[in-house]
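Analysis of the macromolecular model
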Amino acid sequence: MSKKEIDSTAYVEACTLQSGHCDTINALSFSPDGARLASGGDDCTVMLWDVNRGESFFRILLKSPVSCILWHPVHPNTLIIGCDDGRIFQLQGFTLENMEQHDVRIGVRSEVHCLAYDVDARYLAIGIGEEVHITRERHTHDYSGDLMLPPPGPERESVDSDERLRAVSVHFLSNRSQLIASYLAHGIICYDIKSRKTLWVITPPTTTPHIGSSALSSDASRLAVYNVANGVDLYLLSRRKKPITHYRLEKLPQSKHRLQVAYIQGGRGVVCGSTDGNVHIWNRGSGDLFQILPHGERARYSYIATGSAAQGQSSIIKIWRAKTSEYVA
């Protein structure tokens, strides 16, 4: 694949969403059709936005800060929400007359860090507290069973002063029988779900032992990992020994915020936020920095949403639209 810059600004700012949150925004998620955006934050609020109009159409007030949001891939108009107080629930029907709230109970209450849903098996994976759990949606909104995966063993103890045991991202592999869990300070583990056994492990380099988030490519062949120290590392899962590509941030992180990494443009690009407020886009194949989206300034169907870690009127969301396709084969 060769890189060709079609336009000097492949992503252009589409709109700025304001008057929604009054504290740090922790989670953003586009609906499967791309028409709506859900956001949640430390103000205990979930906001629903119309992407085309650039305005909110529904607000949900909760009792705890929102840590993660996932649009349900099976049920339309349904969100899976995880909160700091350990509550997990599904919300459906975003009108005053029809909204329903269904609790997802797994017998554990601690801060929810990440969520993933497998469409075929109807499994919901949850990174909660120091543990990773899997439950199954046997009927609509009705979850039963709870499988807890074993934590990283002593051979994968943290090599840094930050020894918190926490899964920051979870990913189902396409064969439904395996789950990848990326831990903050204990590497990456692939589990066999049925036996709960460890299939393989990725140990990050000692110079960058932490993981802020990870993203699995659509073909499940690559894992992009934000390393908290200087950028994003790309692992080929058929090798796993060391990163095959490194995408460096223009400025080193100023804090240990868990910045999100994702694939865009059909996996041809990698995008990640930064602690200086900018969003970086790299060519996945070459590793070249393609574009920086300035959050502080005013192809194919594609949007990027960015949220701020701020309070009051400074707490905003920006939506960026792909003006043209960034790369051509």
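Residues numbered from 1 in each chain as written. Predicted model: local features only at pLDDT ≥ 70, side-chain atom pairs only at ≥ 80, totals over all residues. Heavy atoms only, no water.

1. Looking at the overall build of the protein
The line we're drawing: Elements are defined by DSSP. Helices are runs of H or I of four residues or more, strands are runs of E of two residues or more, and each kind is numbered from the N terminus. Residue burial is assigned from relative accessible area. The probe radius is 1.4 Å, only protein chains are included, and a residue is buried under 20% of its type maximum, exposed over 50%, and partly exposed in between. Only the protein chains shown count as cover for residues, and all accessible areas are computed by the Shrake-Rupley method using a 1.4 Å probe.
In terms of regular secondary structure, the protein is built from 0 helices and 27 strands. Of all 329 residues assigned to the protein, the portion counted as buried reaches 55%. For the protein, the exposed surface amounts to about 15,100 Å²; the carbon and sulfur share of it is 45%.

2. Some remarks on the side chain of Thr208
Note the threshold: The contact criterion used throughout is that any non-hydrogen atoms of two residues lie within 4.5 Å.
On the secondary structure map, Thr208 appears in the loop between strand E17 (198–202) and strand E18 (213–216). For Thr208, the residues in contact, after removing those within four places along its chain, are Asn227, Ala229, Asn230 and Asp233.

3. Concerning the packing of aromatic side chains
Note the cut-off: Each aromatic pair joins two rings of Phe, Tyr and Trp (for Trp, the six-membered one) with centres within 6.5 Å, and gets the label stacked for planes under 30 degrees apart, edge-to-face for over 60, and tilted for any other angle.
In total, this model carries 4 aromatic pairs according to the counting rule given. With a centroid separation of 6.2 Å and 85° between ring planes, the pair formed by Trp71 and Phe94 is classed as edge-to-face. Linking Trp71 in strand E6 (residues 66–71) with Phe94 in the loop between strand E8 (88–92) and strand E9 (100–103), this pair joins segments that are 23 residues apart in sequence. Both rings, one in Tyr123 and one in Phe172, keep their centres 6.3 Å apart while their planes meet at 35°; by these two values the pair is tilted. Taken as a pair, Tyr123 in strand E11 (residues 123–128) and Phe172 in strand E14 (residues 167–172) lie far apart in primary sequence, 49 residues in all. By way of ring pairs, the aromatic residues Phe58, Trp71 and Phe94 are connected into one cluster.

4. Let's talk about the sheet that holds strand E21 (residues 245–248)
As a reminder of what qualifies: DSSP bridges decide pairing: two strands pair if at least two such bridges lie between them. Think of each axis as a best-fit line through the C-alpha atoms, taken over the contacting stretch in the case of a helix, with angles from 0 to 180 degrees between the N-to-C directions.
Taken in spatial order, the 4 strands make up an open sheet running E18-E19-E20-E21, and their pairing is antiparallel. At either margin of the open sheet sits one strand with a lone partner, and together these are E18 and E21. Taken over all neighbouring pairs, the strand axes of this sheet differ in orientation by 20° on average, direction set aside. Across 4 bridges, the pairing between E18 and strand E19 (residues 222–226) is antiparallel. The residue of E19 that forms the bridge with Leu216 is Leu223.

5. Some words on the confidence of the model for the protein
Heads up, the condition is: Confidence scores here are pLDDT values: one per residue, from the predictor, ranging 0 to 100.
Of the residues in the protein, 87% have a pLDDT of 70 or more, and the chain-wide mean is 86. Here residues 296–301 is modelled with pLDDT under 50, and outside its nearest four sequence neighbours on either side it reaches 16 contacts, counting other chains as well.

6. Side note on the pairing of strand E4 (residues 45–50)
Of all 6 residues making up E4, 5 are buried, and the element is well covered by its neighbours. Taken together, strand E3 (residues 36–41) and the strand that follows it, E4, pair antiparallel across an intervening segment of 3 residues, in which Cys44 is found at a positive phi of about 60°. Counted along the chain from E4 to the antiparallel partner strand E5 (residues 55–61), the turn is 4 residues long, and its residue Gly54 has a positive phi close to 70°.

7. Regarding a positive patch on the surface
To keep things clear, this is the line we draw: Residues with no salt bridge and a relative accessible area higher than 30% make up the patches, which join like charges within 9 Å and nonpolar side chains (Val, Leu, Ile, Met, Phe, Trp, Tyr) within 5 Å. The salt bridge criterion pairs a side-chain nitrogen of Lys or Arg with a carboxyl oxygen of Asp or Glu, the two atoms within 4 Å. Note that His is not counted, nor are the chain ends; the positive residues are Lys and Arg, and the negative ones are Asp and Glu. By convention, the point assigned to a charge is CZ for Arg, NZ for Lys, CD for Glu and CG for Asp.
Judged by side-chain charge, Arg122, Arg136, Arg138 and Arg176 come together as a positively charged surface patch. By the secondary structure assignment, Arg176 is in the loop between E14 and strand E15 (178–183). Relative accessible area serves as the criterion here: at 40%, Arg176 is assigned to the partly exposed category.

8. Section: the pattern of salt bridges
Pairing between side chains of opposite charge can happen when their charged atoms approach one another. In total, this model carries 3 salt bridges according to the counting rule given. Notably, a salt bridge pairs Asp103 with Arg105, separated by 3.2 Å at the nearest N-O pair. What makes Arg105 exposed here is its relative accessible area of 65%.

9. Some words on the sheet that holds E9
Spatially, E6-E7-E8-E9 is the arrangement adopted by the 4 strands of the open sheet, whose pairing is antiparallel. Edge strands, defined here as strands with exactly one partner in the open sheet, are E6 and E9. Strand-to-strand, the axes of this sheet are offset by a mean angle of 25°, without reference to chain direction. One ladder, built from 5 bridges, connects strand E7 (residues 78–83) with E8; its direction is antiparallel. Following the sheet pairing, Ile80 is matched in E8 by Gln90.

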